[in-house]
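For reference, the chains in residue letters:
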Amino acid sequence: MSDVRGNRPERLPLHDGWTLRPLPGPQVPPEVDGRVVTATVPGCVHTDLLAAELIPDPYLDDNETALAWIGRTDWVYETTFDRPDGDHQRLDLVCAGLDTVATITLNGVEVGRTENMYRAYRFDLTSLLRAEDNNLVVRFDSAYRYAEAQRDRLGDRPNAYPEPFQFIRKMACNFGWDWGPTLVTAGIWQEIGLHGWSTARLARVRPLVTVEDGTGRVELHVEVERATDVPVTVHAEVAGVTTEATIPAGERSAVLTVSVDEPELWWPRGHGGQPRYDLTVTLRGPGGATLDDWHRRVGFRSVRLDTTPDTQGAPFTLHVNDLPIFVRGVNWIPDDVFPHRVSRDRLAHRFDQAEAANVNLLRVWGGGRYESDDFYDLADERGLLVQQDFLFACAAYPEEEPLRTEVAAEAAEQVTRLAGHPSLVLWTGNNENIWGWHDWDWQQPLAGRTWGHGYYLDLLPRIVAELDPTCPYWPGSPYSGREDVHPNDPAYGTTHIWNVWNTDDYTKYREHLPRFVAEFGYQAPPAYATLRRALSDEPLAHDSPGMAHHQKATDGDLKLRRGLDAHLPAPRDFDDWHYLTQLNQARAIQLGVEHFRSHRGYCMGTIVWQLNDCWPVTSWAAVDGDGRRKPLWYALRRAYADRLLTVQPRDGGLALVAVNDGGRPWRASTTVTRLTLAGDPRAKTTLELEVPAYATVTVPLSTELTRPDEVREESLVADAGTDRALWFFAEDRDIRWPTASFDAVVEEVDGTQRVRVTARTVLRDLTIYPDRLDPSAEVDEALVTLLPGESTTFVVRSSAPLDATALTRRPVLRCVNDLEGRGPC
């Protein structure tokens with residue numbers, strides 16, 4: 001007779017009482033050797049040692065270098081617990097994430113081994129548990145030792161950095177990147193606990209959500225694990241509609257379909273609302289008792305990727321609910337080297353920053369992690385689209401065992417976990433690996449060895465097609481869509497542009513005309529307060545020891561200087577250098593985005609590298625490692641606005657381009673004026689713009705407007721009410737700027753300080769840096785160009801009122817024409 005028990009499942013977190021110790025080795029410092037410290041779970045070795053004051057903060061100065069031994073050491077986590085009450089047939093240990101090469105033992109008996117950071121694991125402990133004082137040990141072997149052993153066994157393969165990251169299924173950027181530190185972690189990085197259950201449990205629930213002809217459809221693929229071989233019933237409900245199916249004894253799966261008439265559609269932000277419906281799945285035993293349940297909020301939307309060849313190549317256009325979406329995206333990296341520190345609140349704040357910058361898509365880059373449930377829930381809630389890379393980046397990856405089996409299991413688990421999230425609109429096979437095979441001199445050293453081709457063009461697309469056919473898959477970023485066309489051909493598919501920054505000036509963006517640009521970026525240092533927290537350099541200089549250590553890009557400082565030399569006056573000191581490099585980053589990306597958006601229709605997306613940082617560093621980010629917005633963020637907000645007015649070179653002259661990414665027509669009377677720096681008009685015209693929804697209008701400008709009498713003393717201004725576009729006929733370094741002159745008034749209003757600046761002369765890219773006075777201070781606007789007689793008001797928020805005089809003087813208040821001591825800025 002079957003043992004059928006109706007007691008409800010029980011989940012007991014095992015997050016308390018853990019200790020951590022190193023296993024002996026010559027690399028372990030004496031002050032750490034033999035020490036047992038309290039461990040935080042979820043967590044990692046670095047943060048536990050930091051909390052125990054056994055290591056310095058790895059984010060400060062060059063402390064990272066002295067901590068390399070941690071990644072080459074074996075570590076032991078240990079705790080004790082009592083067996084939970086209840087008559088459960090099964091008691092499982094459930095590990096949501098172990099980083100990475102782990103051996104788990106209970107009461108001296110090995111229960112399992114792992115070697116993949118991206119997989120969850122479950123181990124049956126039922127027969128090993130005693131009533132009290134169960135001893136649970138998780139030993140983590142050195143990730144370096146594992147990866148190097150695989151490398152030696154399988155043969156080395158090329159990659160972008162001299163580290164073995166492609167030989168272990170672990171966050172690649174742990175091993176260092178051109179924006180990140182080398183901090184090779186270990187630990188119980190996600191939740192761990194006991195699951196007590198009887199009769200059966202829900203092993204996997206995979207919702208496939210579609211909508212067609214006004215009918216929403218949820219196709220639920222349910223798998224169960226059994227402790228007793230009896231019939232069980234699966235009940236599903238969404239939007240008040242229910243269905244159920246019985247899984248007979250001896251079977252382990254069922255498919256249920258729920259149809260919802262005329263559901264409200266889920267839309268990307270800016271195109272409509274984000275209604276979601278509660279989807280509940282309940283597993284019941286023969287007597288009707290609840291055995292297990294599962295819950296998700298789903299949204300009804302359709303998504304497809306249009307790559308149909310045309311006369312110019314092949315487009316790359318996302319359609320959501322049959323509407324072509326111009327992607328205004330940013331690349332997303334792990335928000336912390338130690339991902340357990342990234343809370344839902346921190347993610348929500350970062351999403352606030354992305355939304356406020358008019359971003360509509362986050363690309364989760366392939367050298368980090370599959371993002372968290374909180375990340376995807378927030379994206380669903382906010383209407384932020386997500387492109388999730390499979391985790392392969394900048395390297396030739398072996399396809400032999402045991403890595404192939406790990407990759408297949410990892411991919412299947414993650415596609416299943418994320419199915420049903422309306423925000424997820426694209427899976428991508430890798431970051432730059434197909435491009436690398438073609439262009440990065442890999443083929444000779446590979447000598448015919450595997451490099452990942454079979455993953456990107458066979459294994460991964462099969463898994464996505466089988467497990468989530470509602471979501472498109474693309475083999476790589478960049479990728480042309482065809483093996484007979486170069487993977488970074490701008491006329492086909494997706495493109496990365498890195499000659500700008502690496503070798504070329506940012507004005508060369510205008511020579512690129514991609515169908516979709518998935519990476520392009522330009523560097524700048526983080527906020528001043530971030531540098532001051534992270535570095536002890538006295539004085540700070542662009543090449544002082546701490547600054548040099550927190551610049552990870554090859555020849556990064558030289559590339560920054562090359563960019564300054566091409567456009568801006570020479571910096572006199574560090575304050576000038578800091579302002580000018582941040583300004584140059586903002587201008588570079590704004591120029592690129594506006595150029596690409598001006599070709600809307602042919603080009604259907606830009607994904608800027610990058611939104612965020614994982615530590616304090618000079619990088620391509622718009623938001624630095626301490627969460628502070630760089631001037632780039634403000635420029636991106638402008639360039640990604642629904643309505644964009646921009647002056648662009650066209651056919652040997654200049655044109656005014658109006659881009660409308662909104663759902664309503666845009667009608668605007670626009671005045672275009674060529675005027676001197678003193679504000680005197682030289683030529684003027686009025687244009688009546690009528691821009692349909694989701695369209696672009698280009699108006700060539702007359703030579704009277706576009707041919708200045710003196711290139712160094714004139715500019716072009718296009719005004720359409722709240723929208724403005726500027727064009728200067730010379731580089732700032734060559735312009736005959738007047739001495740900056742202005743009036744400034746500071747008022748306290750509702751807990752803020754409002755700094756009103758009225759220009760007596762032109763003020764180019766006026767910016768306030770209040771964090772120089774208070775690290776908590778923020779300002780609402782930056783990079784404001786004022787013509788003579790114009791005013792603007794900056795709103796400053798801080799923990800306490802700031803010195804009003806300091807707020808209106810250098811180095812807090814800056815503009816381009818305050819260089820070389822000119823003007824009161």
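Quick summary incoming for the structure in this document. (Residues numbered from 1 in each chain as written. Predicted model: local features only at pLDDT ≥ 70, side-chain atom pairs only at ≥ 80, totals over all residues. Heavy atoms only, no water.)

**Quick look at the packing of aromatic side chains**
Test applied: Two rings from Phe, Tyr or Trp (for Trp, the six-membered ring) form a pair when their centres sit within 6.5 Å of each other. Planes less than 30 degrees apart are called stacked, planes more than 60 degrees apart edge-to-face, and all others tilted. Secondary structure elements are taken from DSSP: a helix is a run of H or I of four residues or more, a strand is a run of E of two residues or more, and numbering for both begins at the N terminus. Throughout, exposure labels follow a simple rule: accessible area from a 1.4 Å probe, protein chains only, divided by the maximum for the residue type, with under 20% read as buried, over 50% as exposed, and the rest as partly exposed. A ring is scored as having a charge over it whenever the NZ atom of a lysine or the CZ atom of an arginine sits within 6 Å of its centre and within 35 degrees of its normal.
This structure, assessed with the given rule, holds 45 aromatic pairs. Look at F390 and Y473: their rings are 6.3 Å apart centre to centre, the planes differ by 50°, and that puts the pair in the tilted class. Taken together, the residues span a long stretch of sequence, with F390 in the loop between β25 (385–389) and α6 (403–418) and Y473 in strand β27 (residues 473–474) at a distance of 83 residues. Here F390 matches Y473 in class, with each residue buried. Grouped by ring-pair contacts, the aromatic residues Y161, F165, W177, W179, W365 and W609 constitute a single cluster. Of note, R201 hangs over the ring of W197, and the distance from its end group to the ring centre comes to 5.9 Å. Sitting over the face of the ring of Y602, R515 holds its NZ or CZ atom 4.1 Å from the ring centroid.

**Description of the nonpolar core**
Defined as follows: Remark: nonpolar core denotes a set of buried residues (Ala, Val, Leu, Ile, Met, Phe, Trp, Tyr, Cys) joined through side-chain atoms within 4.5 Å. Pairs of residues are marked as contacts when any of their non-hydrogen atoms sit within 4.5 Å.
In terms of nonpolar packing, the biggest core is built from 172 residues, with W177, F390 and W427 touching the most fellow members. If one sorts the elements of this core by residue count, helix α14 (residues 574–598) sits on top with 11 residues. For W427, the contacting residues outside a window of four places in its chain are Y370, Q388, F390, Q414, V415, L418, V464, C471, P472, Y473 and W474.

**Focus on the pairing of strand β20 (residues 303–306)**
This is how the line gets drawn: For two strands to pair, DSSP has to find at least two bridges joining them.
Across the two faces of β20 the burial differs, with V303 and L305 buried and R304 and D306 not buried at all. Looking at chain direction, β20 and strand β21 (residues 317–320) are connected through four bridges and run antiparallel. Paired with R304 across the strands is H319, a residue of β21.

**A few points about the sheet that holds strand β22 (residues 323–325)**
Filter applied, for reference: For helices, the axis comes from a line fit to the C-alpha atoms of the stretch in contact; other axes are also lines fit to C-alpha atoms, and the angle between any two N-to-C directions lies between 0 and 180 degrees.
Taken together, three strands build an open sheet; the order of strands is β20-β21-β22 and the sheet is antiparallel. Strand pairing shows two members of the sheet lacking a second neighbour, β20 and β22, which therefore form its edges. Adjacent strand axes in the sheet meet at a mean angle of 35° when their direction is disregarded. The pairing of β21 with β22 spans three bridges and is antiparallel. Bridge pairing in β22 places V320 opposite L323.

**Thoughts on helix α15 (residues 631–639)**
Of all the nine residues making up α15, seven are buried; the element is thus mostly covered by neighbouring parts of the structure. All of the buried residues along α15 are P631, L632, W633, Y634, A635, L636 and A639. Contacts made by the buried residues of α15 are with β23 (327–332), α4 (344–356), α14, β30 (605–608), β31 (643–650) and β41 (778–779).

**Examining the pairing of strand β4 (residues 75–81)**
Counting buried positions over the seven residues of β4 gives five, a clear majority of the element. In this sheet, β4 lies alongside strand β2 (residues 19–22) in antiparallel orientation, the contact comprising four bridges. In the strand pairing of β4, R21 is matched with V76. Where β4 meets strand β9 (residues 134–141), seven bridges bridge the pair, whose relative direction is antiparallel. If you follow F81 over to β9, its bridge partner there is N134.

**Regarding the sheet that holds strand β35 (residues 695–700)**
Hydrogen bonds between backbone atoms are what pair the strands of a sheet, whose relative direction is either parallel or antiparallel. Read across the sheet, three strands follow the order β31-β32-β35 without closing on themselves; strand pairing throughout is antiparallel. Two strands bound the open sheet, and with one partner strand each, they are β31 and β35. Across the sheet, the axes of successive neighbouring strands diverge by a mean angle of 25°, strand direction being ignored. Where β31 meets strand β32 (residues 653–660), eight bridges bridge the pair, whose relative direction is antiparallel. Paired with L645 across the bridge in β32 is A658.

**Thoughts on the pattern of salt bridges**
Condition: A pairing counts as a salt bridge when a side-chain nitrogen of Lys or Arg comes within 4 Å of a carboxyl oxygen of Asp or Glu.
One pass over the full model with this rule turns up 69 salt bridges. Taking the shortest distance from any N to any O, the salt bridge between R297 and D278 comes out at 3.5 Å. In this pair, R297 is assigned in strand β19 (residues 290–298) and D278 in strand β18 (residues 277–284), connecting sequence segments 19 residues apart. Under the relative-accessibility criterion, R297 is labelled partly exposed at 35%.

**Comments concerning the side chain of T416**
As for its placement among the helices and strands, T416 is situated in helix α6. Residue T416 is classed as buried on the basis of its relative accessible area of 10%. For T416, the contacting residues outside a window of four places in its chain are R204, V205, R206 and L467.

**Comments concerning the environment of L763**
Looking at the element boundaries, L763 is found in strand β40 (residues 763–768). Under the relative-accessibility criterion, L763 is labelled buried at 0%. Other than its neighbours up to four places away in sequence, L763 contacts A740, S741, F742, V757, V784, T785, L786, C815 and N817.

**Remarks on unusual backbone geometry**
Here E401 and P402 are connected by a cis peptide whose omega angle stands at 5°. If you trace the backbone, P402 turns up in the loop between β25 and α6. The omega angle of the peptide bond from S477 to P478 is 5°, so this bond is cis rather than trans. Here P478 is to be found in the loop between β27 and β28 (495–497). With a phi close to 60°, D441 is a non-glycine residue in the positive phi region. Summarising the element assignment, D441 is placed in the loop between α7 (433–439) and α8 (443–446).

**Examining the environment of E400**
Along the polypeptide, E400 turns up in the loop between β25 and α6. Other than its neighbours up to four places away in sequence, E400 contacts L154, R157 and T450.

**Focus on the packing of α6 against helix α9 (residues 453–467)**
This is how the line gets drawn: In a left-handed crossing the near helix is turned counterclockwise from the far helix by less than a right angle, and in a right-handed crossing that turn is clockwise.
Relative to each other, α6 and α9 sit at 35°, their axes nearing to 10 Å. By crossing handedness, the relation of α6 to α9 is classed as right-handed. Residue-level contacts link L403, R404, V407, A408, A411, A412, V415 and T416 of α6 to Y455, D458, L459, L460, R462, I463, V464 and L467 of α9.

**So, the side chain of N358**
The line we're drawing: Side-chain atoms alone can form a polar contact between residues adjacent in sequence; in general such a contact is a pair of N or O atoms within 3.5 Å, and within protein one must be able to donate a hydrogen while the other accepts it.
By secondary structure assignment, the location of N358 is in the loop between α4 and β24 (361–364). Here N358 falls in the buried class, since its relative accessible area comes to 18%. There is a polar contact of 2.8 Å between the side chain of N358 and the backbone oxygen of R637. Look past the residues within four positions of N358 in its chain and what remains in contact with it is R269, R328, R637, Y640 and A641.

**Some remarks on the environment of W267**
Topologically, W267 is positioned in the loop between β17 (253–261) and β18. Overall, W267 belongs to the buried group, its relative accessible area being 19%. For the pair W267 and E223, spaced 44 residues apart in sequence, the C-alpha to C-alpha distance is 30 Å. Residues in contact with W267, not counting those within four places in the same chain, are G272, G273, Q274, V320, N321, L323 and G383.

**Brief notes about helix α3 (residues 143–154)**
Applicable threshold: Expected helix span is computed as 1.5 Å times (number of residues minus one).
With 12 residues, α3 ought to run about 16 Å at 1.5 Å a step, and its terminal C-alpha atoms sit 16 Å apart, in line with that. Considered for burial, the residues of α3 that qualify are A143, Y144, Y146, A147, E148, Q150 and L154. The backbone nitrogen of Y144 has a side-chain oxygen 3.2 Å away, supplied by the residue at the start of α3, namely S142. Among the residues trailing α3, G155 stands out with phi positive, at a value near 95°.

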